[in-house]
Amino acid sequence: MLLHNIEDVRKEITEWRKSGLTVGLVPTMGALHNGHLSLIKKAKETCDKVVVSDFVNPIQFGPSEDFDKYPRTLEADMDLCNKEGVDIVFAPSADEMYGEGQRLSNDTLTYVCPPFFYVNTLCGKSRTGHFDGVCTVVLKLFNIVQPDYAFFGQKDAQQVIIIKKMVNDLNVPIKIIQCPIVREESGLALSSRNKYLTEQGKKDALVLSKILNNIKSCYKKGITDVSALKETAYNFLTEKHDLEYIEIVDKYTLEDKIKADDNSIALIACRVENVRLIDNIYLGENS
Ligand code: PAF
């Protein structure tokens, strides 16, 4: 069922609650791909009822980012959700979410600000205000849907860590389920932004997962010095790759590491054909 209004969503969910059903929320910005599909499947396995939100959230995009051209594919998203037995697709307008004609700024709206140490690193460095926008919309979706579980992909590792922190710090009674990265056979992590890449761009983008896999295999061979591990990335980069960062940090707190250990995560952000791509890998795990 496709719903655009908060009130209609609440009405449906109230009925489910009366029958004692559990509810799972999969927050998305639409342009659904197999990565989202894995979240939906996990939600279906875990909960009686599943809500997918489909909303390109304006307040998480910077002024020079791709908000206007971000792919909007509601019809195809609906087909996929119907096939998977999703109970509600919630696709609100910005007016519905933030108030009609509301100026979208923290001068006039209440925003959720995640902690400085969690945002002043990795993607947050180049995307000022991005995680405020993400946490604000996610908390609003949590309050609208009031799910028991919410499902997020490890692909946006910093995002999940920050959302878990928000849920913990603000006593939000929702269990966050993190699902593994889904990759193309080539190794390319699935992302709605892959749609911007040409075939050649997709090939060039494989460097991200190659760099991460190589760091992990060096770590497994006993190299723990973070600078040495990061240095290995340069063996793969060419003039087609505009590296934004390669970092190895603690997988719970995002703190920098000097020596990598089994709690480390390696993360990369790199532009290919001017498309900003991210990927990550846990060094301690076998996947
Ligand atoms: O990961 C995303 O697609 C978005 O950041 C989210 C969590 C749906 C919030 O808009």
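Up top is the structure.
Quick caveat: nothing in here was measured; it's all calculated off a predicted structure.

Conventions used here
- Residues numbered from 1 in each chain as written.
- Predicted model: local features only at pLDDT ≥ 70, side-chain atom pairs only at ≥ 80, totals over all residues.
- Heavy atoms only, no water.
- Helix = DSSP H or I, 4+ residues; strand = E, 2+ residues; numbered from the N terminus.
- Pairing = 2+ DSSP bridges.
- Near = heavy atom within 4 Å.
- Polar contact = N/O pair within 3.5 Å; in protein donor to acceptor, adjacent residues only side chain to side chain.
- Areas by Shrake-Rupley, 256 points an atom, 1.4 Å probe, with all protein chains shown as cover.
- Nonpolar A, V, L, I, M, F, W, Y, C, P; charged D, E, K, R; others polar.
- Axes fitted to C-alpha atoms, helices over the stretch in contact; angles between N-to-C directions.
- Parallel < 35°, antiparallel > 145°, perpendicular 65-115°, else oblique.
- Contact = heavy atoms within 4.5 Å.
- Expected span 1.5 Å × (residues − 1).
- Phe/Tyr/Trp six-rings, centres within 6.5 Å; stacked < 30°, edge-to-face > 60°.
- Buried < 20%, exposed > 50% of the residue type's maximum accessible area, 1.4 Å probe, protein only.
- Lys NZ or Arg CZ within 6 Å of the ring centre and 35° of its normal.

Colleague: Whenever I open this one, unusual backbone geometry confuses me. Can you help?
Modeller: For residues other than glycine, phi is negative in most cases, and the peptide bonds are mostly trans. Of note, the phi angle at Gln146 is positive, near 45°, even though the residue is not glycine. When you line up the elements, Gln146 lands in the loop between helix 7 (130-145) and strand 5 (149-153). With a phi angle near 65°, Asn274 is a residue other than glycine that sits in the positive phi range. Inspection of the secondary structure puts Asn274 in the loop between strand 8 (264-272) and strand 9 (275-282).

Colleague: What am I meant to see in the sheet that holds strand 3 (residues 49-54) here?
Modeller: Working definition: the strands of a sheet are paired by backbone hydrogen bonds and lie parallel or antiparallel to each other. Reading across the sheet, the 6 strands line up as 1-4-3-2-5-6 and stay open at both edges, with parallel pairing between neighbours. Among the strands making up the open sheet, the edge pair consists of strand 1 (2-3) and strand 6 (175-179). Bridge count for strand 2 (residues 23-28) against strand 3 is 6 bridges, and the pairing is parallel. Residue pairing in the sheet places Gly24 in a bridge with Val50 of strand 3.

Colleague: Is there a simple way to think about the site of the ligand in this case?
Modeller: The local shell around the ligand consists of Pro27, Thr28, Met29, Asn57, Gln60, Val134, Val137, Val138, Phe152, Asp156 and Gln159. Between the ligand and the protein, one listed contact pairs an oxygen atom with a side-chain N or O atom of Gln60 at 2.6 Å. Take Gln159: an N or O atom from its side chain is 2.7 Å from an oxygen atom of the ligand. Taking 290 Å² as the accessible area of the ligand by itself, protein coverage stands at 90%. Listing elements by their share of the shell around the ligand, those giving two or more residues are strand 2 and helix 7. It is helix 7 that contributes the most residues to the shell around the ligand, 3 residues altogether. Class assignment of the residues belonging to the shell around the ligand gives a composition of 6 nonpolar, 4 polar and 1 charged.

Colleague: Would you explain the environment of Asn168 in this entry?
Modeller: Along the polypeptide, Asn168 turns up in helix 8 (residues 157-169). Spatially, the C-alpha atoms of Asn168 and Tyr245 are 28 Å apart, while their sequence positions differ by 77 residues.

Colleague: How should I be thinking about the packing of helix 1 (residues 6-18) against helix 7 in this particular structure?
Modeller: The description of two packed helices rests on the angle between their axes and on the distance between the axes. Orientation of helix 1 relative to helix 7, taken along the N-to-C sense of each, is 50°, at an axis distance of 9 Å. As judged from the angle between their axes, helix 1 and helix 7 are oblique. Listed contacts from helix 7 to Ile6, Val9, Arg10 and Ile13 of helix 1 are Asn143, Ile144 and Val145. When grouped by side-chain class, the residues that make up the contact of helix 1 with helix 7 number 5 nonpolar, 1 polar and 1 charged.

Colleague: What is the right way to read helix 10 (residues 206-220) from this model?
Modeller: Along an α-helix, residues three or four apart share an orientation, since each turn contains 3.6 residues. Counted at 1.5 Å a residue, the expected span for helix 10 with its 15 residues is 21 Å, and the 21 Å between its end C-alpha atoms agrees. Where helix 10 is buried, its residues touch helix 9 (199-204), helix 11 (226-231), strand 7 (241-250), strand 8 and strand 9. Gly222 sits one or two positions beyond helix 10 and adopts a positive phi of about 115°.

Colleague: Which parts of the structure should I look at to understand the packing of aromatic side chains?
Modeller: Centre distance and the angle of the planes are the two values used to describe a pair of aromatic rings. Under the definition given, this model contains 6 aromatic pairs. With a centroid separation of 5.3 Å and 65° between ring planes, the pair formed by Phe61 and Phe67 is classed as edge-to-face. Residue Phe61 is classed as buried on the basis of its relative accessible area of 11%. Accessibility expressed as a relative area gives 25% for Phe67, which makes it partly exposed. An angle of 75° between the planes, with centres 5.8 Å apart, marks the rings of Phe61 and Tyr70 as edge-to-face. Take Phe61 and Tyr70: they sit in the same class, and that class is buried. Aromatic ring contacts, followed pair by pair, group Phe61, Phe67 and Tyr70 into a single cluster. Over the ring of Phe67 we find Arg72; its NZ or CZ atom is 4.8 Å from the centre of that ring. Sitting above the plane of the Tyr282 ring, Lys251 keeps its charged end 5.1 Å from the centroid.

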